[in-house]
Amino acid sequence: MSFSSKFFFKAHSKRRVQSRKALTRAKLSHVELLVVSKAMTVSLVKLPAPDSSQASAISSADAFSSKTKLICCAVLLFLSAAATLLAEASKTASGSYPYNTFVIPFSVEGVKLLSSACFLYIAKSSSNKGSAGEEYSWPWLFLYSVPALCYFVSNNCMFYIIRELGPTTFQITNNLKTLSTAILMRFVMSHKLTWTKVKALVLLVCGTLVTQLQPVLQPSRDQNQGVFASIGYAAVCVNAFAAGLGGVYSERLLKGKATGRNESLHWQNCQLYFFGVIFGFLSLSIQDDVGRKNLYDGFNGAAFGTVFALAACGTLVSYVLKYLDNFAKCFVNALSMLVVGVVHASTSAEGLRLPLVIGVVLTSIAIEQYNLS
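Everything numeric in this text was worked out from a predicted model, so none of it was measured.

1. Side note on the overall build of the protein chain
Looking only at helices and strands, the protein chain features 13 helices and zero strands. The secondary structure elements of the protein chain, listed N-terminal to C-terminal, are α-α-α-α-α-α-α-α-α-α-α-α-α. Of all 373 residues assigned to the protein chain, the portion counted as buried reaches 37%. Surface exposure of the protein chain reaches about 21900 Å², of which carbon and sulfur atoms provide 68%.

2. Re the packing of helix H8 (residues 195–211) against helix H13 (residues 354–372)
The N-to-C vectors of H8 and H13 enclose an angle of 160°; their axes lie 8 Å apart at closest approach. When the axis of H8 is compared with that of H13, the two are roughly antiparallel. For the crossing formed where H8 meets H13, the hand is left-handed. Each of Thr-196, Lys-197, Ala-200, Leu-201, Leu-203, Leu-204, Gly-207, Thr-208, Val-210 and Thr-211 in H8 lies in contact with H13, whose residues at this interface are Pro-355, Leu-356, Ile-358, Gly-359, Val-360, Leu-362, Thr-363, Ile-365, Ala-366, Ile-367, Gln-369 and Tyr-370. Residue classes in the contact of H8 with H13 are distributed as 14 nonpolar, seven polar and one charged.

3. Some remarks on the pattern of salt bridges
Taken as a whole, this structure holds three salt bridges when the rule is applied. Glu-88 is paired through a salt bridge with Lys-91; the nearest N and O atoms lie 3.1 Å apart. Two residues, Glu-109 and Lys-112, come together in a salt bridge whose shortest N-O distance is 3.2 Å. In this pair, Glu-109 and Lys-112 are both assigned in helix H3 (residues 103–126), three residues apart and thus about one turn of the helix distant. Judged by its relative accessible area of 7%, Glu-109 falls in the buried class.

4. Looking at the nonpolar core
Membership of the largest hydrophobic core comes to 37 residues, with the highest contact counts inside it found for Tyr-99, Ile-104 and Phe-299. Broken down by secondary-structure element, the contributors of at least two residues to this core are helix H2 (52–89), H3, helix H5 (145–165), helix H9 (225–254), helix H10 (265–285) and helix H11 (301–323). Examining the composition of this core, we find that eight residues originate from one element, H5, more than from any other. Each residue touching Tyr-99, except ones within four places of it in the same chain, is listed here: Ser-90, Ile-104, Phe-159, Arg-292, Asp-297, Gly-298, Phe-299 and Ala-303. Grouped together as the second largest cluster of nonpolar side chains are nine residues, Cys-73, Leu-76, Leu-77 and Cys-313 included.

5. Focus on the packing of H5 against H10
Where H5 contacts H10, the axes come no closer than 8 Å and their chain directions differ by 50°. Classified by the angle between their axes, H5 and H10 sit oblique to one another. Between H5 and H10 lies a crossing of right-handed hand. For the pair formed by H5 and H10, the contact residues are Ser-145, Pro-147, Ala-148, Leu-149, Tyr-151 and Phe-152 on the first element and Leu-272, Phe-275, Gly-276, Phe-279, Gly-280 and Ser-283 on the second. Among the residues forming the contact of H5 with H10, the class breakdown is eight nonpolar, four polar and no charged.

6. Some points on the side chain of Thr-84
Tracing the backbone shows Thr-84 in helix H2. Take Thr-84: its relative accessible area is 2%, and that puts it in the buried class. One polar contact links Thr-84 to Gln-171, side chain to side chain, over a distance of 2.6 Å. Not counting residues up to four positions away in its chain, the partners in contact with Thr-84 are Met-158, Ile-162, Pro-167, Phe-170, Gln-171 and Val-340.

7. Things to note about the side chain of Ser-116
By secondary structure assignment, the location of Ser-116 is in helix H3. Ser-116 gets classed as buried once you look at its relative accessible area, which sits at 1%. A polar contact of 2.9 Å, which involves the side chain of Ser-116, links it to the backbone oxygen of Lys-112. Among residues more than four places away in sequence, those in contact with Ser-116 are His-266, Asn-269, Cys-270 and Tyr-273.

8. A look at the packing of aromatic side chains
Centre distance and the angle of the planes are the two values used to describe a pair of aromatic rings. Under the criterion given, the structure shown has nine aromatic pairs. Arranged with centres 5.7 Å apart and planes meeting at 55°, the rings of Tyr-97 and Tyr-99 form a pair that is tilted. Neither Tyr-97 nor Tyr-99 differs from the other in exposure class; each is buried. Aromatic side chains Tyr-99 and Phe-299 sit 4.8 Å apart centroid to centroid with 50° between the ring planes, which places their arrangement in the tilted category. In this pair, Tyr-99 sits in the loop between H2 and H3 while Phe-299 sits in the loop between H10 and H11, placing the two residues 200 residues apart along the sequence. Each member of the pair, Tyr-99 as well as Phe-299, is classed as buried. Among the aromatic residues, those joined into a ring-pair cluster are Tyr-97, Tyr-99, Phe-159, Tyr-296, Phe-299 and Phe-304.

9. Looking at the environment of Ala-148
Take Ala-148: it is sitting in helix H5. Sequence separation between Ala-148 and Leu-272 is 124 residues; the distance between their C-alpha atoms is 5.8 Å. Look past the residues within four positions of Ala-148 in its chain and what remains in contact with it is Leu-272, Phe-275, Gly-276 and Phe-279.

Reading guide: rules and limits
- Residues numbered from 1 in each chain as written.
- Predicted model: local features only at pLDDT ≥ 70, side-chain atom pairs only at ≥ 80, totals over all residues.
- Heavy atoms only, no water.
- Helix = DSSP H or I, 4+ residues; strand = E, 2+ residues; numbered from the N terminus.
- Buried < 20%, exposed > 50% of the residue type's maximum accessible area, 1.4 Å probe, protein only.
- Areas by Shrake-Rupley, 256 points an atom, 1.4 Å probe, with all protein chains shown as cover.
- Axes fitted to C-alpha atoms, helices over the stretch in contact; angles between N-to-C directions.
- Parallel < 35°, antiparallel > 145°, perpendicular 65-115°, else oblique.
- Left-handed = near helix turned anticlockwise from the far one by under 90°.
- Contact = heavy atoms within 4.5 Å.
- Nonpolar A, V, L, I, M, F, W, Y, C, P; charged D, E, K, R; others polar.
- Salt bridge = Lys/Arg side-chain N within 4 Å of Asp/Glu carboxyl O.
- Core = buried A, V, L, I, M, F, W, Y, C linked by side-chain atoms within 4.5 Å.
- Polar contact = N/O pair within 3.5 Å; in protein donor to acceptor, adjacent residues only side chain to side chain.
- Phe/Tyr/Trp six-rings, centres within 6.5 Å; stacked < 30°, edge-to-face > 60°.

Structural data, given as structure tokens:
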């Protein structure tokens, strides 16, 4: 055999050996792939089915959560309407309040502070572990003075609006805090407003203005009626701004966005209501109540009921701001306007006017569109 033949034979044999090795590796890879695929199939088939007890527990938790939200909204609706109607009922026949209206916000803040302190004590006593979110710090404490001052101003404006414009007007114009909230969110916190929200705000203002339309030939009850109405509308503007600022600031505090801490809701309420009591006490100390025997002189059953309703409503609103969404407040505000309007119309000689009905519908749609967008 020549040298070239031997070289060709060796090269051919080497190529055959390499092709056999490649074929063997391909077969092994195919076998491994089949084994892996079968293993995956078996593992998928043998996945444990969801436990029926766990599924039922999850569904019951969701149902309990929905039930809790519904109950909170119903109670908040009742308290919100009751506070407005009781404040109207506490007036005398001449349309004035027989007591110092600044006493009610002071008493409301005191009741809320006492109840929140009791809830905090019960929560700490029933908890086995120490709550790490209940620190005491002066810088964080003074942050709560801002929303407390806003709520103090807003609560006192309530009585001027009800006295000069009526409970239904107060309940409707109280929703203008949505407009002030949107403006503050836009210019203070750089929050963008969608076109849908802008249209909803315009509709909200239009609906509020429609409710104030009066018959052209309606006689004036008093020569100073225009002056009193101006005071009422000025109180509406102050109330809308103060309530909007207080709502934005308190929501950031309650949800921990301003402090970066997850504090107990009862401890947060204690800090907020503490400053509310201070502002209420200062407002009473600078007044000179000549002819009044004591702090609660002139109070009637409706006035004490207003204190209870406002205190319970304020505590429940804190829960809504921390744990629920804005749609819950939207739902309550829309229904409270209707409830107060119907009850007040049925007990007064004015009746249920068409502009009031149209305004309530427009305002409800505006609030719904703003929150859902």
